[in-house]
Amino acid sequence: MAAPKEATPAKAENNQKGYLGYVSVLVASALFGSVFTVTKLPLANIDPLALSAIIYVISGLTLVPFAKASFRLQKREARYMIAITAFGAVAAPLLLLHGLQLTSASQAAILSNGEMLFTVVLSSLFFGERPRGSLGFSALALVIIGLFMATTDLNFSDAFVAFNSGNFMILASMLFWAIDNNFSRKLTTFSDISPAKIAMIKSLAGGLVILALTAITGKWTALEHIDPKLWLVIIAISASGFGGALLFFLAGIKRIGTIKTMTVFSTTPIFGILFAAAALGESISIYQGIATSLIITGILLVSRR
């Protein structure tokens, strides 16, 4: 029996919603992929703690027009926002920027797919959104193997040295962003709060917390003598690589769900490697190339229903 005509507009609307979700996440991937390379410039002159603070404050301010500058939240929403801010706008960026000082931009880009692994595992354990059957577990195994290969470059005789503290910090930041992703997804399911509002509150609150830490630790002087040209780079990173990427990412999660969003977001390392090669002249080893392929294959498989 043919479907009722009145169902057609709803189906078209859902298709458009899904399409916009995929496009949003792809844009977020490209913007965030640029972070690993572009952030290297100010990190050469500015302490990571101070840089994190100004990046997130500027990021939050650029999102105010999209969020209608409203900070009013219900109690349940406020609890989730506190968790999202603590994990995603304080701990994660601090670990990322400190890690970037100790590892290459291309390596950091590859390790960024740890976010997908952690997001799916946490989603499966606590939120009921999981891959199905043996194929799903096999896909996750590919991601884990790929991350291990990218981290050690299969240098088993010196693996613990190869797995440097910078790589560990990058992976730890991805774990905290994975927690943030799942809380953000949960928040958007019971609340009509917009992705722009989540991104604005999270960025501003996180930036102010890190700014306070900067003052307490006496690293405020790092902000006093920043070259005007470097300020332009910092503003660009803040508005696009963090603020813009976060806005598009949250819009994707709301439209297509956590696992599908992370599937598209797995293209981040590709953009990251391209930016690193073009701007910094970094090359990728054969093992890193294989690792990237394994990770992306695993992510594509894990998204299948």
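Here, every reference points to the structure presented above.
Structural notes, computed from the coordinates. Quick caveat: nothing in here was measured; it's all calculated off a predicted structure.

**Observations concerning the packing of helix α3 (residues 48-67) against helix α4 (residues 75-100)**
Interaxial distance between α3 and α4 falls to 9 Å at its minimum, and their mutual angle equals 135 degrees. The angle between α3 and α4 places the two elements in the oblique class. Every pair of crossing elements has a handedness; the one defined by α3 and α4 is right-handed. On the side of α3, the interface is formed by Pro48, Leu49, Leu51, Ser52, Ile55 and Tyr56, while α4 contributes Gly88, Ala89, Pro93, Leu94, Leu97 and His98. Looking at the contact of α3 with α4 residue by residue, the class counts come to nine nonpolar, three polar and no charged.

**Concerning the packing of helix α10 (residues 195-216) against helix α11 (residues 228-256)**
One can describe the packing of α10 onto α11 by two numbers: an axis separation of 8 Å at closest approach and a directional angle of 135 degrees. The angle between α10 and α11 places the two elements in the oblique class. Both α10 and α11 take part in a crossing whose hand is right-handed. Every residue of α11 that contacts α10 at Pro195, Ala196, Ile198, Ala199, Lys202 and Ser203 is listed here: Leu246, Leu247, Leu250, Ala251 and Lys254. Residue classes in the contact of α10 with α11 are distributed as eight nonpolar, one polar and two charged.

**Let's talk about the pattern of salt bridges**
One pass over the structure, following the stated rule, counts two salt bridges. Here Asp47 and Lys219 are joined by a salt bridge, their closest N and O atoms 3.6 Å apart. Separated by 172 residues along the polypeptide, Asp47 in the loop between α2 (40-43) and α3 and Lys219 in the loop between α10 and α11 bring together distant segments of the chain. Among the residues examined, Lys219 registers a relative accessible area of 32% and is labelled partly exposed. Linking Lys202 and Asp180 is a salt bridge whose minimum nitrogen-to-oxygen distance equals 2.3 Å.

**Side note on empty space enclosed by the protein**
Within the structure shown, the criterion is met by one cavity of 30 Å³ or more. Looking at the largest cavity, its volume works out to about 210 Å³. Lining the largest cavity are 15 residues, with Phe32, Trp177, Lys202, Leu246 and Phe249 positioned closest to its centre. Elements with a contribution of two residues or more to the lining of the largest cavity: α9 (165-190) and α11. In terms of residue count, the dominant contributor to the lining of the largest cavity is α11 (six residues). Residue composition of the lining of the largest cavity, grouped by class: nine nonpolar, three polar and three charged.

Quick notes on the rules
- Residues numbered from 1 in each chain as written.
- Predicted model: local features only at pLDDT ≥ 70, side-chain atom pairs only at ≥ 80, totals over all residues.
- Heavy atoms only, no water.
- Axes fitted to C-alpha atoms, helices over the stretch in contact; angles between N-to-C directions.
- Helix = DSSP H or I, 4+ residues; strand = E, 2+ residues; numbered from the N terminus.
- Parallel < 35°, antiparallel > 145°, perpendicular 65-115°, else oblique.
- Left-handed = near helix turned anticlockwise from the far one by under 90°.
- Contact = heavy atoms within 4.5 Å.
- Nonpolar A, V, L, I, M, F, W, Y, C, P; charged D, E, K, R; others polar.
- Salt bridge = Lys/Arg side-chain N within 4 Å of Asp/Glu carboxyl O.
- Buried < 20%, exposed > 50% of the residue type's maximum accessible area, 1.4 Å probe, protein only.
- 1 Å grid on protein atoms, 1.4 Å probe; cavity = no way out; pocket = protein on both sides within 12 Å on 5 of 7 lines; lining within 4 Å.
- Points joined across faces, edges and corners; volume = space filled by probe spheres on them.

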